[in-house]
There are 2 protein chains.
Amino acid sequence: MERDPALRLRVFNLNCWAIRYLSKQRQERIRLIGDRLCQEGFDLVLLQEVWSEQDYSNLKAKLGGCCPFSHYFRSGVIGSGLCVFSKFPILDTLLYQYSLNGYPYMLQHGDWFCGKSVGLLDRCCRGRSRPLCPRFFQLHAEYWREKDTYLPHRMLQAWELAQFIRHTAKAADVVLLGGDLNMHPEDVGIRLLRGWTGLRDAFTEAKRFEGCEDGCTVVPNNCFTIKSELQPFPLGIRIDYILYKAVSSFTVKCEELKTTTGTAPGMDIPYSDHEAVMATLHIQRKGQAAGVTLGTAVPALVDVLSEAQTEVRVGLLAAQRQRYSSGRMAVLALLLLLLQAVAALGALAGLAGGQPFPKLSFFLLAFLALGILLLTAGLHLFHSIEVKMLQGTEEQMRMALRALQERP
Amino acid sequence: MERDPALRLRVFNLNCWAIRYLSKQRQERIRLIGDRLCQEGFDLVLLQEVWSEQDYSNLKAKLGGCCPFSHYFRSGVIGSGLCVFSKFPILDTLLYQYSLNGYPYMLQHGDWFCGKSVGLLDRCCRGRSRPLCPRFFQLHAEYWREKDTYLPHRMLQAWELAQFIRHTAKAADVVLLGGDLNMHPEDVGIRLLRGWTGLRDAFTEAKRFEGCEDGCTVVPNNCFTIKSELQPFPLGIRIDYILYKAVSSFTVKCEELKTTTGTAPGMDIPYSDHEAVMATLHIQRKGQAAGVTLGTAVPALVDVLSEAQTEVRVGLLAAQRQRYSSGRMAVLALLLLLLQAVAALGALAGLAGGQPFPKLSFFLLAFLALGILLLTAGLHLFHSIEVKMLQGTEEQMRMALRALQERP
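Reading the values: rules and limits
Residues numbered from 1 in each chain as written. Chains lettered and ligands numbered in written order. Predicted model: local features only at pLDDT ≥ 70, side-chain atom pairs only at ≥ 80, totals over all residues. Heavy atoms only, no water. Helix = DSSP H or I, 4+ residues; strand = E, 2+ residues; numbered from the N terminus. Buried < 20%, exposed > 50% of the residue type's maximum accessible area, 1.4 Å probe, protein only. Areas by Shrake-Rupley, 256 points an atom, 1.4 Å probe, with all protein chains shown as cover. Core = buried A, V, L, I, M, F, W, Y, C linked by side-chain atoms within 4.5 Å. Contact = heavy atoms within 4.5 Å. Axes fitted to C-alpha atoms, helices over the stretch in contact; angles between N-to-C directions. Parallel < 35°, antiparallel > 145°, perpendicular 65-115°, else oblique. Left-handed = near helix turned anticlockwise from the far one by under 90°. Nonpolar A, V, L, I, M, F, W, Y, C, P; charged D, E, K, R; others polar. Domains from an automatic or database assignment. Buried area = accessible area lost by both parts, 1.4 Å probe. Salt bridge = Lys/Arg side-chain N within 4 Å of Asp/Glu carboxyl O. Polar contact = N/O pair within 3.5 Å; in protein donor to acceptor, adjacent residues only side chain to side chain. Patch = residues over 30% accessible without salt bridge, like charges linked within 9 Å, V, L, I, M, F, W, Y side chains within 5 Å. UniProt positions renumbered as here; feature names shortened; annotations may be inferred. Pairing = 2+ DSSP bridges. Phe/Tyr/Trp six-rings, centres within 6.5 Å; stacked < 30°, edge-to-face > 60°. Disulfide = S-S within 2.5 Å. Arc of directions from axis to C-beta.

### Here's the deal with the overall build of chain A
And step 1. Helices and strands together make up the secondary structure of chain A, namely seven helices and 13 strands.
And step 2. Buried residues in chain A amount to 57% of all 408 residues.
And step 3. For chain A, the accessible area works out to roughly 17,300 Å², and carbon and sulfur atoms hold 59% of it.

This is the structure:
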């Protein structure tokens, strides 16, 4: 069989922190990012947190020469913030929205509003005897580790992501996942993702590495990071990843991994509050097709899955409690309203000896009861969905565990 | 190469219309359905609108002997209503929720609350030299054709469904889609789905057919159907489908297709307000792997895609209008509230010569303004999501059209 020449693929990944009106020096940083990308000519650029479509359009205009193909994933109220620039044509895209995504009433976290999702992209590398079709997944997860009420949602997302990749990756030659996963390398979510999909971490696999110590992507010497959040981690944390695997008859190796280190070269500000991750991958066709493999030995994978299932179960119990208490509150508010309606009708019909309450307090009370009713009914609805989704995830995990344990 | 013996796969599909407190003779019909399934011993049973998990559990207990493996897809507030029973082990499941799903304020339609989605199921048929892995998709769409405001949502769902099948089907040997698609065979959504995925309609492909005329699944002589809705269609309508295709080195043929015809055999009531569809498929391994094909010739597919894109664009314009008008209303309500707050503060500070309005009307007005503000802000949020998703879909379709037109 004739051997294809190898393909070198240079990938750039950055969480841009480009929130209109909120992110510091946003426009300047977007301009700097554009300049850097033009200079270096990456094959594939994955950007997260580009919340303003205007920023995307500016980047698109700037990168027209080196990365003529691009896509912006739309979802949620604000958008997904995900966009991709590519040197080669983008053939197809698909967006998968997580079924749970934080709480709509946690306005300050904003997760619910941005419709967190994973984008899938089919690309075609031309100029080869047979076009190579890498498939890219890109995502962005918002939660901070400290907010542990979100842990079950994060676990559900890690599971849904892993399942989505497993089910859609088989048709590709090479799979690449880039993004801000907001999980540390040893977290159960990352271990689940790697184990269940067989994806390999570019940082641990790279032949050469250059950049922040331990590959950290949120570091204390970046002037935009919040120092208090990094206190338990003096070196910083690694939460932005490039993961990859070869699916069919290819091999992928990571030749080099780099991160930026606080400030943009020759400038006094960094590109973002995260460091960019840049990988050079070496893709080559090999003789025979590889079988489907799991990323981790079965017993280790069973442990990770059990751990994740426990987290989901804990979240399920909490969601059931919240569903119950919001439902009870809604019923109480409804009863109060009904009582008031009866009293008001009684007074109107002249049954009672005049209105027992002053009118103002009566109306204020009705107003309050109605407000509580609407709020708690909404909460009840939301937590009902949460319960259903967590139950479904737990059952899927149980099925996967059973299948693993029955493996010969 | 040794030829595997052929596999005969008997599939049962029914929209059960089992809504607790609302569907007539629900428990009796579920019992009848269970009896029939036990008697006939299908290989795969796809049921829709089983909204009560109790009904699912009853069926599961009853079918334990003939279809020991089962799965209930959970989503939304009420659930997805989708469940599957299988003679062979279920290896894996995945649920894909459509990004748009009707309007939460259309309580009477209920679409939004049931989290309409498509379930994916990997099954394994054992006892063969190499296990055959059919992949099943199951879905249920609620909308009536008459409610044409929903048409863009339905188009988006048809597109998302087709994309989901395209991206996940490649790993399977055989793909099977069963469910109540709520679209007539000649509707653009069905043509898009068939054309874009290459799925074939068991009714048109079947060698033998037995059942209602034209394969209709909602017929006038079923005592539960609403006769007025069927007036334009004297024979009934065909909206429940079994679609299939072979992906890898297999061929699939539909030997026989049957529908029930109004009443259950020997009984005076039907199983549901829909007729059941029963297919016997004949699956055989062939020598070489089939290439990836589209279901329709490229020019015809371009036409269908353009038609669908137009529908989406119409919906997008309507959504943009609604987003604008709800936003304007919210701003007006907010202004009124602010005005009232200023008036009240003025009165408190003794600036005005006493309170110009009677207190009660003042509070009622504030109450009204707040109510309108909350409602319209919610609507604005919802229509913003709608706009984003329709924009995203339109762009995906545009990309697909471009790719089709550039095909050599």
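Structure's up, so let's keep going.
### Description of the environment of Ser306 of chain A
And step 1. Here Ser306 of chain A lies in helix H6 (residues 298–348).
And step 2. Each C-alpha atom, one on Ser306 of chain A and one on Met397 of chain A, is 8.2 Å from the other, the two residues being 91 residues apart in sequence.

### Describing the nonpolar core
And step 1. Leu305 of chain A together with Leu281 of chain B are the most contacted members of the largest nonpolar core, which totals 62 residues.
And step 2. It is helix H3 (residues 151–169) of chain A that provides the largest number of residues to this core, a total of nine residues.
And step 3. If sequence neighbours within four positions are ignored, Leu281 of chain B has contacts with Leu7, Arg8, Leu9, Val11, Leu176, Tyr244, Val252, Lys253 and Cys254 of chain B.
And step 4. Residues Ala206 and Ile242 of chain A together with Leu151 and Val387 of chain B belong to the second largest nonpolar core, which totals 61 residues.

### Here we look at the packing of helix H1 (residues 26–40) of chain A against helix H2 (residues 53–62) of chain A
Residues and elements named next belong to chain A.
And step 1. Where H1 meets H2, the closest approach of the two axes is 10 Å, and the angle between their N-to-C directions is 25 degrees. What the angle tells us is that H1 and H2 run roughly parallel. Taken as a pair, H1 and H2 cross one another with a handedness that is right-handed. Contacts from Arg26, Ile30, Arg31, Gly34, Asp35 and Cys38 in H1 reach Asp55, Leu59 and Lys62 in H2.
And step 2. Of the residues belonging to the contact of H1 with H2, the class tally is three nonpolar, one polar and five charged.

### Focus: the domain arrangement of chain A
All names here are of chain A.
And step 1. Here chain A is described as being made up of domain 1 (7–285) and domain 2 (297–346 + 357–406).
And step 2. In this assembly, 19 residues from domain 1 lie in contact with 20 residues from domain 2.
And step 3. Interface area, domain 1 with domain 2, both sides summed: about 1,700 Å², of which 78% is carbon and sulfur.
And step 4. The interface formed by domain 1 and domain 2 includes one salt bridge.
And step 5. With its nearest N and O atoms 3.2 Å apart, the salt bridge here joins Arg191 to Glu307.
And step 6. There are four residue pairs in polar contact (both at pLDDT 80 or more) connecting domain 1 and domain 2.
And step 7. Only H3 and helix H4 (188–197) provide two or more residues apiece to the side of domain 1 that touches domain 2.

### A look at a nonpolar patch on the surface
And step 1. Taken together, the side chains of Leu360, Phe363, Leu364 and Phe367 of chain A together with Leu360, Phe363, Leu364, Phe367, Leu370 and Leu374 of chain B present a nonpolar region at the surface, about 780 Å² in accessible area.
And step 2. By the secondary structure assignment, Phe363 of chain B is in helix H7 (residues 359–405).

### Describing the UniProt feature "transmembrane region" (unreviewed entry) in chain A
And step 1. According to UniProt, the "transmembrane region" (unreviewed entry) feature falls on residues 330–354 and 360–382 of chain A.
And step 2. The distance separating the terminal C-alpha atoms of residues 360–382 of chain A is 33 Å; by composition the span is 100% helix and 0% strand.

### Here we look at the sheet that holds strand S1 (residues 7–18) of chain A
Strand pairing within a sheet occurs via backbone hydrogen bonds; the two strands may be parallel or antiparallel.
Residues and elements named next belong to chain A.
And step 1. In spatial order, the strands read S3-S4-S2-S1-S13-S12-S10; together these seven strands make up an open sheet with mixed pairing. The open sheet has two edge strands, strand S3 (69–72) and strand S10 (208–210), and neither has a second partner. Within the sheet, the average angular offset between the axes of one strand and its neighbour, ignoring direction, is 20 degrees.
And step 2. Here strand S12 (residues 250–259) runs beside strand S13 (residues 277–285); their pairing, made up of nine bridges, is antiparallel.

### Topic: the packing of aromatic side chains
All names here are of chain A.
And step 1. For the structure on display, the rule yields 15 aromatic pairs over all chains.
And step 2. Taking 5.1 Å as the distance between ring centres and 50 degrees as the angle between the ring planes, the aromatic pair formed by Phe12 and Phe42 counts as tilted. In this pair, Phe12 sits in strand S1 while Phe42 sits in the loop between H1 and strand S2 (44–50), placing the two residues 30 residues apart along the sequence.
And step 3. Judged by relative accessible area, which is 1%, Phe12 ranks as buried.

### Things to note about the pattern of salt bridges
And step 1. Per the counting criterion, the structure on display carries 26 salt bridges over all chains.
And step 2. Residue Glu394 of chain A is joined to Arg398 of chain A by a salt bridge in which the shortest nitrogen-to-oxygen separation is 3.8 Å. Remark: Arg398 of chain A and Glu394 of chain A occur in helix H7 (residues 359–405); sequence separation between them is four residues, near one turn of the helix.
And step 3. Among the residues examined, Arg398 of chain A registers a relative accessible area of 42% and is labelled partly exposed.
And step 4. Arg10 of chain B serves as the salt-bridge partner of Glu40 of chain B, at 3.0 Å between the closest nitrogen and oxygen. Taken together, the positions of Glu40 of chain B in helix H1 (residues 26–40) and Arg10 of chain B in strand S1 (residues 7–18) put the pair 30 residues apart, joining distant regions of the chain.
And step 5. Relative accessible area serves as the criterion here: at 29%, Glu40 of chain B is assigned to the partly exposed category.
And step 6. Take Arg10 of chain B: its relative accessible area is 22%, and that puts it in the partly exposed class.

### A few points about the state of the cysteines
And step 1. This structure, assessed with the given rule, holds zero disulfides over all chains.
And step 2. In this model Cys223 of chain A remains outside any disulfide bridge; the closest cysteine sulfur is found in Cys212 of chain A, 13 Å from its own.
And step 3. The class of Cys223 of chain A is partly exposed, set by a relative accessible area of 46%.
And step 4. For the unlinked cysteine Cys16 of chain B, the closest cysteine sulfur is that of Cys83 of chain B, found at 6.7 Å.
And step 5. Overall, Cys16 of chain B belongs to the buried group, its relative accessible area being 0%.

### Observations regarding the sheet that holds strand S2 (residues 44–50) of chain B
All names here are of chain B.
And step 1. Read from one edge to the other, the open sheet built from seven strands follows the order S3-S4-S2-S1-S13-S12-S10, with strand pairing classed as mixed. At either margin of the open sheet sits one strand with a lone partner, and together these are strand S3 (69–72) and strand S10 (208–210). Averaged over all adjacent pairs, the angle separating strand axes in this sheet is 20 degrees, with direction ignored.
And step 2. In the packing of H1 onto the sheet, contacts are made with S1, S2 and strand S13 (277–285), and the angle to S1 comes to roughly 175 degrees.

### Some details on the side chain of Thr197 of chain B
All names here are of chain B.
And step 1. With respect to the helices and strands, the residue Thr197 is situated in helix H4 (residues 188–197).
And step 2. Accessibility expressed as a relative area gives 1% for Thr197, which makes it buried.
And step 3. One polar contact links the side chain of Thr197 to the main-chain carbonyl oxygen of Leu193, over a distance of 2.5 Å.
And step 4. Within the structure, Thr197 has its side chain in polar contact with the backbone nitrogen of Leu199 (distance 3.2 Å).
And step 5. When residues no more than four places from it in sequence are discounted, the contact partners of Thr197 are Ala162, Ile165 and Lys245.

### Re helix H2 (residues 53–62) of chain B
Residues and elements named next belong to chain B.
And step 1. Among the residues of H2, Asp55, Tyr56 and Leu59 are the ones counted as buried. Take H2 and look down its axis: the buried residues cluster within an arc of 100 degrees, on one side only.
And step 2. Against S1, H1, S2, S3 and strand S4 (83–86) lie the buried residues of H2.
And step 3. Sitting at the head of H2, Ser52 places a side-chain oxygen 3.1 Å from the backbone nitrogen of Gln54.

### Quick notes on the environment of Gln39 of chain B
And step 1. By the element assignment, Gln39 of chain B lies in helix H1.
And step 2. Measuring from C-alpha to C-alpha, the distance between Gln39 of chain B and Cys66 of chain B comes to 8.9 Å, with 27 residues separating the pair along the chain.

### Structural notes on the side chain of His274 of chain B
All names here are of chain B.
And step 1. Counting through the fold element by element, His274 comes out in the loop between strand S12 (250–259) and S13.
And step 2. Classification of His274 as buried rests on a relative accessible area of 9%.
And step 3. Polar side-chain contacts of His274 include one of 2.8 Å to the side chain of Asp240.

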